[in-house]
Amino acid sequence: MTSSSSTPGIDADEPPPGVAASLAYPSSRVPVMRAIYSAIKAVDECNRSASDLDKNIKLLGYTCEMASVFLSMTSSSPSLAKGLADVHLNMSFSRYAIRLLNGLPMSLVAAAEGSWETPDISGVEEYVEGDEVEEHLRPGRAALWASKTLSWSMLGYYPTEFLAFAKWQFPGLLHDSTPPPRRAGDGPLTKLLAAVRDGRNWRDGNWWSSVSCGFWLWYIVADIVVQVDKIRRLKAVIEAIEGSDKDAAGKDSTVERLRAELGAAQNMLLRESLFLLPGLHYALPGWATDPLLPRWAVGGLMFGEAVAG
């Protein structure tokens, strides 16, 4: 990825000369090329981080899933419905690699540094006073403890999710169809290695997927507690600032910042609420053979979250 800084003598808003020539940009004689290039830049901006790329793959994947569900329900094109479902499945598997390479290290750092703990509301002390308002600056006890567990839930989620993926792709992984018989004289290490080699002790990919989604469900519930508390506190602080007689400089910009934080918290609460039932659905051991929810319900909720995100 090249640096976003502009090169001397070249307008930062225009593509390099070679690209400009190929796109005829920004010639007013072909405005469609300008629109195409603007769209290309928008896509590039939306996929520059691993998290943004994961969100966009998720949205595209669940769009295919919902199209497949619709076609299956109308019986209009079974082959196309199956193809779209396969595209969604392949995109879901591609996200496993992104989450393992990006999410696991991020969770480890967050657990070590406590960076996912919900913070106090800061930068408002000069506009509000009194114990009742100051109480809203700090997170509630339940929300604070819930936020402390977020990174730990992901440390359980990512490894078990990847183990499920590995068992799906390599059913014989960590499996010996004819494990050696255990003898009375075997030492502890020999017994441990024999247990590791025995596939009956590792279950299948569906079982490990339900374990990973149990950790995911833990994260969802904990984050709902965090966001509900944050929304309550932000609303109280905004109301206190707007009702304050103090006319300190930057009051309006502070309220604007807090409203932006409130909107982000409300959006996150919406997303986690949409995740809640699918999280429970996939956390149950029989999700693949005796599902809690029909396919259209799971796909619809996940598609709604992808759009909200």
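Residues numbered from 1 in each chain as written. Predicted model: local features only at pLDDT ≥ 70, side-chain atom pairs only at ≥ 80, totals over all residues. Heavy atoms only, no water.

### Notes on the overall build of the protein chain
Stage number 1. On a plain count of helices and strands, the protein chain comes out with 10 helices and 0 strands.
Stage number 2. Along the protein chain, helices (α) and strands (β) appear in the sequence α-α-α-α-α-α-α-α-α-α when read from the amino end.
Stage number 3. Every one of the 309 residues in the protein chain was classed for burial, and the buried ones make up 35%.
Stage number 4. When contacts within the protein chain are restricted to residue pairs at least 6 apart in sequence, those whose partners lie at least 24 apart make up 73%.
Stage number 5. Roughly 18,100 Å² of accessible area belongs to the protein chain as shown, and the carbon and sulfur atoms make up 62% of that amount. (Helix = DSSP H or I, 4+ residues; strand = E, 2+ residues; numbered from the N terminus. Buried < 20%, exposed > 50% of the residue type's maximum accessible area, 1.4 Å probe, protein only. Contact = heavy atoms within 4.5 Å. Areas by Shrake-Rupley, 256 points an atom, 1.4 Å probe, with all protein chains shown as cover.)

### A look at helix α9 (residues 251-283)
Stage number 1. For α9, with 33 residues, the first-to-last C-alpha span of 46 Å sits near the 48 Å given by 1.5 Å per residue.
Stage number 2. Approximately 35° is the largest bend angle found in α9, and it occurs at Leu276, with the proline Pro278 only one to four residues beyond. (Expected span 1.5 Å × (residues − 1). Bend = angle between axes of the 7 residues up to and from the residue.)

### Remarks on the pattern of salt bridges
Stage number 1. According to the stated counting rule, one finds 11 salt bridges in the structure shown.
Stage number 2. The residue Glu117 makes a salt bridge to Lys148 at a minimum N-O spacing of 3.4 Å. Residue Glu117 is located in the loop between α4 (78-113) and α5 (131-137), and its partner Lys148 is located in helix α6 (residues 141-169); the two are separated by 31 residues in the primary sequence.
Stage number 3. Its relative accessible area of 31% is what places Glu117 among the partly exposed residues.
Stage number 4. Across the pair Arg232 and Asp229 runs a salt bridge, and its minimum N-O distance is 2.7 Å. Here Asp229 and Arg232 lie together in helix α8 (residues 205-242), a separation of 3 residues that amounts to about one turn.
Stage number 5. Taking relative accessible area as the criterion, Asp229 reaches 9% and is therefore assigned buried.
Stage number 6. Taken together, the shared-partner salt bridges in this structure form one network comprising Lys58, Arg271 and Glu305. (Salt bridge = Lys/Arg side-chain N within 4 Å of Asp/Glu carboxyl O.)

### With respect to the packing of helix α3 (residues 50-74) against helix α10 (residues 295-308)
Stage number 1. Running from N to C, α3 and α10 point in directions that differ by 150°, and their axes come no closer than 9 Å. In this structure, α3 crosses over α10, and the sense of that crossing is left-handed. Contacts between α3 and α10 involve Lys58, Leu59, Tyr62, Thr63, Glu65, Met66, Ser68, Val69, Ser72 and Met73 from the first element and Arg295, Trp296, Gly299, Gly300, Met302, Phe303, Glu305, Ala306 and Val307 from the second. (Axes fitted to C-alpha atoms, helices over the stretch in contact; angles between N-to-C directions. Left-handed = near helix turned anticlockwise from the far one by under 90°.)

### Quick notes on the nonpolar core
Stage number 1. Counting residues in hydrophobic clusters, the biggest one holds 23 residues, and the most contacted among them are Met154, Tyr157, Tyr158, Trp216, Ile220, Phe275 and Met302.
Stage number 2. Among the elements that line this core, the one with the most residues is α8, at 8 residues.
Stage number 3. For Met154, the contacting residues outside a window of four places in its chain are Ser107, Trp116, Pro159, Phe215, Trp216 and Tyr219. (Core = buried A, V, L, I, M, F, W, Y, C linked by side-chain atoms within 4.5 Å.)

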